[in-house]
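Remarks on the overall topology
Listed below are the residues making up each chain.
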Amino acid sequence: MRVALICIDKPGHLHIRQENRPAHLEHIQSSGIVEMAGPFLSESGEMAGSLVILSVETLDQARDWAANDPYAKAGLFQSVDIREWKKVIG
């Protein structure tokens, strides 16, 4: 199944994102379950959240991936929404 993680950063926490970005990217690469990912941007063009599409067997696997994301461990996110997602186009 595909799962979308919709993560919104806490305001004023861009420095936390920047400091933890290398570890976050390593988490993406090493897990082998990320189909696509990228940051949401603020109106000024700064990174302000993340959209991550995972290919997993269960929602618990997606929850575990999200909980172990270095961004989450660093307290970057204001909210994380984890939803099963169906790819239709693309």
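Right above here is the structure, for reference.
About the cut-offs
Residues numbered from 1 in each chain as written. Predicted model: local features only at pLDDT ≥ 70, side-chain atom pairs only at ≥ 80, totals over all residues. Heavy atoms only, no water. 1 Å grid on protein atoms, 1.4 Å probe; cavity = no way out; pocket = protein on both sides within 12 Å on 5 of 7 lines; lining within 4 Å. Points joined across faces, edges and corners; volume = space filled by probe spheres on them. Helix = DSSP H or I, 4+ residues; strand = E, 2+ residues; numbered from the N terminus. Nonpolar A, V, L, I, M, F, W, Y, C, P; charged D, E, K, R; others polar. Expected span 1.5 Å × (residues − 1). Buried < 20%, exposed > 50% of the residue type's maximum accessible area, 1.4 Å probe, protein only. Contact = heavy atoms within 4.5 Å. Polar contact = N/O pair within 3.5 Å; in protein donor to acceptor, adjacent residues only side chain to side chain.

Details of empty space enclosed by the protein
Evaluated as defined, the whole model comprises one cavity of 30 Å³ or more. For the largest cavity, the calculated volume is near 40 Å³. Surrounding the largest cavity, Leu 5, Cys 7, Val 52, Trp 65, Ala 66, Asp 69, Ala 72, Phe 77 and Val 80 form its lining. Among the secondary structure elements, those contributing two or more residues to the lining of the largest cavity are β1 (2-9), α2 (59-67) and β4 (77-85). Tallied by class, the residues present in the lining of the largest cavity amount to eight nonpolar, no polar and one charged.

Examining helix α1 (residues 14-31)
Look at α1: 24 Å from first C-alpha to last across 18 residues, which is about the 26 Å you get at 1.5 Å a residue. Ile 16, Arg 17, Asn 20, His 24, His 27 and Ile 28 are the residues of α1 that are buried. Buried positions along α1 lie against β1, β2 (34-41), β3 (47-55), α2, α3 (70-73) and β4. One or two steps after α1, the chain reaches Gly 32, where phi turns positive at roughly 75°.

Thoughts on the side chain of His 27
Tracing the backbone shows His 27 in helix α1. Using a relative accessible area of 14% as the deciding quantity, one classes His 27 as buried. Here the side chain of His 27 touches Trp 65 through a polar contact of 3.1 Å, landing on its backbone oxygen. Setting aside chain neighbours within four positions, we find His 27 in contact with Trp 65, Asn 68, Asp 69 and Pro 70.

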